[in-house]
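# Report on the structure
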Amino acid sequence: RGDELWQTSLRGNQAAELFLSSNGIYLASGSYTAHGKLRSFTQVFDKNGKQIGIFDETFRFADISDEGRIAMSTRNSVQLRQIGQPTSLFVWKTDSREEIVTGIRIVDSFIACSVEQVNVENGIPTYNNPSLILLDGQAKLRSSKQLRGWSPKPATLSAEEQQITLTAAPRKTSIDINELK
């Protein structure tokens with residue numbers, strides 16, 4: 001059991017997703033309130049619990065760079081923002097409602113996303129034809145690769161140095177970001 005470092009109230013009255021940056025400096029917390037009209041929020045806190053960013057939407061997946069760039073995904077879009085600059089917003093959207101973002105990573109100056117078609121039959125999801133999408137710092141498409149087939153689980157993103165890999169076992173594909181610079 002660890003020691004409590006800080007505690008705070010969220011803007012919404014219902015908690016959603018939490019994301020801790022890999023360096024442990026930032027915590028993004030999604031929340032929402034459903035009094036009448038549904039409203040959602042993302043609050044970003046530093047390691048001391050000080051709120052350093054707030055956005056009027058929540059996220060499904062997120063990643064935060066050491067420089068304070070936050071990439072957040074909703075069901076069908078990716079948003080790139082700079083913490084502390086509320087007007088900084090770049091958005092990329094999937095091609096259709098059936099394609100959903102199932103993962104996100106910031107690697108160097110790029111945002112890597114996994115995007116899949118999800119079908120649900122009898123309450124059981126299948127993930128079809130996953131794509132590795134690579135966006136630049138303004139959320140513009142730089143590269144994409146698709147794997148054909150389906151899986152009972154979403155594909156996973158990984159990054160090692162400058163290589164971004166999408167795996168939907170036993171299939172995988174990669175993009176070397178050095179080739180895009």
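Notes on the structure follow.

Analysis parameters
- Residues numbered from 1 in each chain as written.
- Predicted model: local features only at pLDDT ≥ 70, side-chain atom pairs only at ≥ 80, totals over all residues.
- Heavy atoms only, no water.
- Pairing = 2+ DSSP bridges.
- Helix = DSSP H or I, 4+ residues; strand = E, 2+ residues; numbered from the N terminus.
- Axes fitted to C-alpha atoms, helices over the stretch in contact; angles between N-to-C directions.
- 1 Å grid on protein atoms, 1.4 Å probe; cavity = no way out; pocket = protein on both sides within 12 Å on 5 of 7 lines; lining within 4 Å.
- Points joined across faces, edges and corners; volume = space filled by probe spheres on them.
- Nonpolar A, V, L, I, M, F, W, Y, C, P; charged D, E, K, R; others polar.

Quick look at the sheet that holds strand S3 (residues 39-45) now. Ordered in space as S1-S2-S3-S4, the 4 strands form an open sheet in which the pairing is antiparallel. With one partner strand each, in any of the chains shown, strand S1 (14-20) and strand S4 (51-55) form the two edges of the open sheet. In this sheet, neighbouring strand axes are inclined to one another by 20° on average, regardless of whether the strands run parallel or antiparallel. Pairing between S1 and strand S2 (residues 27-33): 5 bridges, direction antiparallel. Following the sheet pairing, Ala 15 is matched in S2 by Ser 31.

Let's shift gears to the layout of surface pockets. Estimates place the volume of the largest pocket at around 190 Å³. In terms of lining residues, the largest pocket is bounded by Ser 22, Asp 63, Ile 64, Ser 65, Asp 66, Glu 67, Arg 105, Ile 106, Val 107, Asp 108 and Ala 159. Of all elements in the fold, only strand S5 (61-64) and strand S9 (99-107) reach the threshold of two or more residues within the lining of the largest pocket. With 3 residues, the single largest contributor to the lining of the largest pocket is S9. Its residues assigned to classes, the lining of the largest pocket comprises 4 nonpolar, 2 polar and 5 charged.

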